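Letter by letter, the chains look like this.
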Amino acid sequence: RNPPPATLYAHASGLKSLDVSPCGRAVVAAGTDTSGRQMIAVWDIGRAMRGGFAPMTLRHRTDYHVNCVKFSPFEEDHVVTCGKNSVRTYRLRKGQLRGCSVDLGDLKLSKLAPKSTRFNRRDDFELNDFTSLAFEIGYGVSDLNQKKVFVATVTGAVVQVNYGKRQLERVFQLHDDRINDLRVAEGFAVTASDDGFLRVWPTDFSDFFLEAEHESAVTSCSVSADGLQVAAATGTGSLGVMDIPSHAYRTLLRSHAGAVTGVAFDPDPGREEMATCSEDGTARVWDCATGEQLYEFAGDAGECARAVAYRPGGHGVGVHGKNAPRTIGDASGSKASGRALAVGFGGGVSRVFDVETTATLAQHRQHKGDVVAVQFTPDGSRMITAGAEGNLCVYDAKNGYLPVKYLATALPTDRVRAAISPDGKLLATIGPNGETVLTFDVETLKLRSPALVPPRLVRTGGRSKILAFAFTPDGSSLVVANDDDAVSRHSCADERGDGAPHAVGRSLCAGVDAVAVDATGTLAVLGGRDKSLVATPLAGLREPYAPAERLSNVPSQAYGAHWGAVRAVAFDSRGARCASVGDGDAVYVWSVDARAGKALSASRARDRVSFDVGPDTRGRVEDADAGDSHDAGSIPGGIDGDAEPGEGDAFTHKPKLAATPGRERGILKKRPTPAKSALKTDGKYGGGGGEDARVEEPAVDDEDELDAEDVDADVPVPNEDRPEPPVEPVDAGSQKVTQRSRTGAPPGKKPVAIRPARVIGLSTGAAAAGNESTESAAAVAAATAAAPAIYVPELGSTLFAAGCDVVIERVGGERQQALLRRHPFPITALAHHPETRRIASASASDVGRFDAEGPGECVVCVWDASTGACLRELVHPRAGGCVVSLQFSPEGALLLSAGADPDGALRVWDVATGARVLAAAADAPVAAAGWCTHSPRSEFFTAGADGAWLHSLQDETGTTGSHTVAKIAFDDDDDHHDDDRASGATRVPKRGFTGASPVCTAASTAGDGSLFVGDSRGRVWRSPMRVGLETNGGAVPTLAKCCDALPAGEAVTAVRALPGGRLFVGGARRARVWINALSGVGWEEVGELELDGAVVAANFDAGSSGRGGATGSNPNSNPKPEPWGVVTTSAGSAWLVEIATGTARALVQAHPLDVAHCRVETLGHRTALATTSVDGTARVWDCAAGAKVLEVHADVSARGTRATRAATSPDGTRLCMGCGDGGVAVVVVGAGVGGAAPGVQGPVRHARAHPSGAAVVHASFLRTTTTASSFASGPPSEPVPRLLTVAADGSISLTDVVRCESSQLFPGLSDADAASDPVVAAAASEPAVGAGEILVALARASSLQTVSVAVGTKSELRSTFKPTPRGTYVTAPGMCAWSETRRGVCYYASRATGGRVVQIDATRGEAIAVVDCDAGAGVGGPWCVAVTERAGMDALAVGTARGVEFLSVNADGVVSGGVSGKEQSGTCAMSNGARHVAWTEDGADAWVCSGTCAYLIADPFGQLESDR
């Protein structure tokens, strides 16, 4: 088996040159660093060739410009560089490069430069620019003064330099333009120039004896090993070979030199040809079978080719095949071959070419914008072009392509598309504002009705943009893709219909830019901005009003080959081939398997969240979604995708690609799609029904292991068995309303368990940090309670903890998640073992969380990473309610757990049986623990308040306490370095450590088995030998101080030893990288990483050879090329850190503190979640991928306020925040370019909405339009968005967010009254039809007030509902929400209602009914309520201390009976409760705030129905 490739990291950008040493053991490269300085780096690749990593031996920064660098063949460890006004030689000595410049004398290349404007205006310094170099080939000459170096220049000259004397000898003017490459072989030299010539010279350059002229610049060349052939590459993408003995030249490959914008197959089934067009201004015709370029057509200079189409059947109909007539006459009288190709260019130009003669048949400029679409009618009689300005032009193809009709739509859109139906009757285009598809009669261009509308507009009235569409082969239907990731099928035959879709599918492909349907009408192929190609059967699309989960469960297959967005897709006339093009210059041709396509049509939908973890998954991870603002970047490790096409694959790779045969990125690498997904969400992680995972029965009975039981999809909930309080009537003034009970509920039956589908969250230990008084102590506390984020290459995913859930999140794309739910409380420790594919997680148990006098026990779960099943549930008693460290042994057989309480600090279990191997106490609190990776026995270390200790298990038979403990001594001798650490000898310290051992806060082992320990004073200590009593013959090693890694007083929170003698150290304010200097002067700081908070966890195991972190993998596995890992910060971020480059990319982002409020909004083309947290920060998240889009602090100005509520304007251009001082903060949001995330534009502006200074408790935009004159005198202007805000004093204001001007609509209470009974929640109803009246509900702890608001008229108090308080329920002060089915009906709950939700007629202030919630009974009554409409009834989401309960309520307030009379209610358990709930726009999904996490509950009522 070939060794895996090694990736070399050093330069930030501008990599210009690299070379391999003559011995083949080293690589040198030149580029620039992060500050833009020139940098030369050298790597040792000897180990990489045998499957190891390639350490960087030096990194040299220089002020001399470098264009080319090469190893010297004359002297070992020497390199030569050339650049602008510089030719230098360097010697590698003691890890450093020492350079010397070549004496160029008074060289003035301007005197030799050709007389052209290119060189006349440039001075000598600019013209003395050297581009390439080569060494003389000579044998038997040992005198360096006789060795020659040849250096090429931008003026076309070659300079001869004496290598030994480092002096200029001669100058040869060889070309009229820049020489890009220079090669010297035995007896001759080769030059490649911008003048288009490739020339072969004798070594004295007297005169060339061979040349080859090209149409464009020759960018590089190479000579074969035998010296008989020369390869040349050109700027237009061609690759050719010159045979020197025969003087023959042949072109091996041609390709576009720019992004490919269009593709079309020859409609003649007898010809296997296709045409492509590109931003390089050319259209090319290719042989599909061989990949050979047949013809090329070019536009004018600077033009971009945007669209291409073949004319069917030449000038006749039915003339097909290779035996068809080759010439016919056209209207102009010229001879033509009968095959025409139309190309749309930039600037509004369209041209028609004869394919075989390459003659131009017609040229027109009928558009003001680029011609973005070209189409022919099936009979070839009409050609239609579409311009970017939105207009259409029809041409008579039989009469010289004369324009005959012009349709000026005056409806420009951001996207222009055009398609003609296969029967030639209909023309489809995108309609006004890009939100509909219009169809026209081809002959008359008469608009047909109705307009085809997207699914979102039909279902919810929401807006969405049309991205692409395609006709089915019979012309009766149109397949349309929208920007909300929906694909719909519409009928074109019914002119009396409503234009609504009759079949819909969702979440097939992100950002569809291309759609094509095969010739049989079976398959639709979608090309997306997420670089994927997705095949889906049209028969698999669902009915439009199906549940959201069913719409997303459409059978499909995804294929990954493109490195950028897919822009165009086309099928050939037989449906046997499919071609796809997009960003980049590659063209991909796919073979379509009709039988597999039919099988896919008959198959069930694949699980959309599936990670292949089979034996063939390895290698690397593709880059993140190109449309996502938080690109993961190049991540080492992950899914390789080299699996062979499966039995059910509709597509297979054509061996020869049209434009890029043999190129790596042109080779199809299909994602593995096993018949049964290795990791599913269905029934295991949420997002679907099905049978839950089972826990395996333990092999032995142990007191530390709980009895195995079914994972009943419900998380253990504290106080679950408490009896519910008695039902008491709610006294509403003079009226008494008796609570109505639900019918059909069996006694003692639990509500249906509902599972979340996604979570935005990350374990950062924020709760533990809040108990500390100093910054350093808070960082250490957070590090002990924060579970690390771990990158898992075999899953291609990131493993992390969010609240009480273990999350496996796919890297890139939509970041699909799988949630492992079993823990009752937030997870504090996490571990992963790649060889055994086991995951371990730990959290407090019920006893550990609530019984202050109890042992503070914790629960530890062991999971199967392949299936998501919980294999074992273990108990760590007396752990202090927190496991600070969890780690598998190197072979994965044992699991070590370290708790916060010294009395029961240490536990070791046998992973296979669950048997306890060790239970031991510690003398002081433990901060870190881990296994000794190189010990022959099971040994581990601990580090804490009393220093560091070694533990050795005497046997592994389960005998409690059978282990040996030894304390490790500390030596603070600064002169004691570890240059001789390889000797393994214990050195006698010159000066012993005096006093108590330092307080240790972090520890880990290195790849060589040595131990690194960080302490509370910022110091790092290291053992100069392998740690372990058994390893060292019973001798206890000594820890010597490496360095003062952090400033004094800043505790070390994470320390990780990395390959190449490097060290990662994290603290409260910074993260630094240190290196054991090659010169032997000790440890030196390499640099400081810029992160967004304190480092609370770091894991480098997947990206380094060290095995000292939380995963504890096999130390004998092959090390990676350069260290990289995942660093978690207190700001709620997990960063992928590449040590070699010093860069960090966000893998996971979340809230650092509790989320107080959330709201589902629309931001551009994104469905977004706007949240505010207790730190006063507003954040916006992409609902599809869970990625952070925006983060805004309202206190940017000097006002010093914090955001309490956040909302985006209806047009998505502004983010508005209601603040704690009664103001409104507004920030302008700019649209992202090319699918990128939007960004903040300009400063934060403030409006004083509530002069009283009371905090804003509600903020929402009105769904009606107004003009600016509503706020000030003057003529009407454009409609402006209005923000309605409610403050805690009960005042209501309306704010023009464009001008940042506010007007008060309803006054609030006095300061004293507002302070005693403030408004804690508010809700605004939809405006009444006609009158425009808005009802605003104000929820207080004692009452619910309803205010009638009408802009421009007087606002008034309509009613007050004030019940008599009863009961002793613990509940939030108050909450309210309006009914979605009946106007004027409001749901209200507070302390006064006894924690029950009351349905109120708000116009009269009378109670209608009481709805009791199981989830709120006796466990901290309702905290929030949200309402949506479902099947004509109100669907409630009620948040409590236990979680969120979903239930349906009919018009009488009674919980609706479901199937077979059973109640329709269910609960999603959450350990931190549900503080706020927000429904999505279509009412199908709900977002829930719980602690620091935001959970997506996908179609909760669909889950209820599937459970029934």
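Residues numbered from 1 in each chain as written. Predicted model: local features only at pLDDT ≥ 70, side-chain atom pairs only at ≥ 80, totals over all residues. Heavy atoms only, no water.

Some details on the overall build of the chain
Along the backbone of the chain there are 10 helices and 110 strands. When burial is assessed residue by residue, the chain has 60% of its 1508 residues classed as buried. In the chain, of all internal contacts separated by at least 6 residues, the share reaching a separation of at least 24 is 52%. For the chain, the accessible area works out to roughly 56900 Å², and carbon and sulfur atoms hold 48% of it. (Helix = DSSP H or I, 4+ residues; strand = E, 2+ residues; numbered from the N terminus. Buried < 20%, exposed > 50% of the residue type's maximum accessible area, 1.4 Å probe, protein only. Contact = heavy atoms within 4.5 Å. Areas by Shrake-Rupley, 256 points an atom, 1.4 Å probe, with all protein chains shown as cover.)

Things to note about the sheet that holds strand S43 (residues 523–528)
Strand order across the open sheet formed by four strands is S42-S43-S44-S45, with antiparallel pairing between neighbours. Of all the strands in the sheet, just strand S42 (512–517) and strand S45 (557–560) have a single pairing partner and so form its edges. Recorded for the sheet is a direction-independent mean angle of 20° between the axes of neighbouring strands. In terms of strand pairing, strand S44 (residues 532–537) meets S45 through four bridges, oriented antiparallel. Bridge pairing links Leu533 to Tyr559 in S45. (Pairing = 2+ DSSP bridges. Axes fitted to C-alpha atoms, helices over the stretch in contact; angles between N-to-C directions.)

Here's the deal with a positive patch on the surface
A surface patch of like charges, here positive, comprises Arg91, Arg93, Lys94 and Arg98. Structurally, Arg93 can be placed in strand S7 (residues 86–93). With relative accessibility at 39%, the residue Arg93 sits in the partly exposed group. (Patch = residues over 30% accessible without salt bridge, like charges linked within 9 Å, V, L, I, M, F, W, Y side chains within 5 Å. Salt bridge = Lys/Arg side-chain N within 4 Å of Asp/Glu carboxyl O. Lys, Arg positive; Asp, Glu negative; His and termini not counted. Charge placed at Lys NZ, Arg CZ, Asp CG, Glu CD.)

What about the pattern of salt bridges?
Overall, the coordinates contain 43 salt bridges when judged by the stated rule. Arg284 is the partner of Glu296 in a salt bridge, and the nearest nitrogen-oxygen pair spans 3.7 Å. Here Arg284 lies in strand S23 (residues 282–287) and Glu296 lies in strand S24 (residues 293–298), a separation of 12 residues in the sequence. Taking relative accessible area as the criterion, Glu296 reaches 30% and is therefore assigned partly exposed. The residue Asp1008 makes a salt bridge to Arg1022 at a minimum N-O spacing of 3.4 Å. In this pair, Asp1008 sits in the loop between strand S70 (1000–1005) and strand S71 (1011–1015) while Arg1022 sits in strand S72 (residues 1020–1022), placing the two residues 14 residues apart along the sequence. Three or more residues joined by partner-sharing salt bridges are found here, namely Glu1050, Arg1070, Arg1072, Glu1085 and Glu1088.

Quick word on the nonpolar core
Counting 36 residues, the largest nonpolar core has Val1444, Phe1446, Val1477 and Ile1497 as the members making the most contacts within it. Top contributing element to this core by residue count: strand S110 (residues 1493–1497), with three residues. If we ignore the near neighbours within four places in the chain, the residues touching Val1444 are Ala1437, Val1438, Gly1439, Gly1466, Thr1467, Cys1468, Met1470, Ala1474, Val1477 and Val1488. (Core = buried A, V, L, I, M, F, W, Y, C linked by side-chain atoms within 4.5 Å.)

Some thoughts on the packing of aromatic side chains
One pass over the structure, following the stated rule, counts 17 aromatic pairs. Arranged with centres 5.1 Å apart and planes meeting at 45°, the rings of Phe1064 and Phe1100 form a pair that is tilted. Taken as a pair, Phe1064 in strand S75 (residues 1062–1067) and Phe1100 in the loop between strand S78 (1095–1099) and strand S79 (1124–1129) lie far apart in primary sequence, 36 residues in all. Using a relative accessible area of 0% as the deciding quantity, one classes Phe1064 as buried. Using a relative accessible area of 2% as the deciding quantity, one classes Phe1100 as buried. Through pairs of rings, three or more aromatic residues link up here, namely Phe150, Phe172, Trp201, Phe205 and Phe208. It is Arg88 that lies over the ring of Tyr64; its NZ or CZ is 3.9 Å from the centre. (Phe/Tyr/Trp six-rings, centres within 6.5 Å; stacked < 30°, edge-to-face > 60°. Lys NZ or Arg CZ within 6 Å of the ring centre and 35° of its normal.)

Focus on the sheet that holds strand S61 (residues 870–876)
In sheet architecture, strand pairing relies on hydrogen bonds along the backbone and comes in two forms, parallel and antiparallel. Spatial ordering of the open sheet is given by S58-S59-S60-S61, a layout of four strands whose pairing is antiparallel. The outermost strands of the open sheet, each flanked by one partner alone, are strand S58 (827–833) and S61. Looking at each pair of strands side by side, their axes are set apart by 15° on average, direction ignored. Pairing between strand S60 (residues 858–864) and S61: six bridges, direction antiparallel. Within the sheet, the bridge partner assigned to Val859 lies in S61 and is Val875.

A look at the environment of Gly1067
The topology assignment puts Gly1067 in strand S75. Ignoring any residue separated from it by four or fewer positions in sequence, one finds Gly1067 in contact with Leu1046, Glu1050, Ala1051, Thr1053, Ala1094 and Val1095.

Some points on the environment of Asn553
Considering the arrangement of structural elements, one finds Asn553 in the loop between helix H4 (548–552) and S45. Of the residues examined, Asn553 reaches a relative accessible area of 29% and is grouped as partly exposed. Remark: the alpha-carbon pair of Asn553 and Gly540, spanning 13 residues in sequence, is separated by 9.1 Å.

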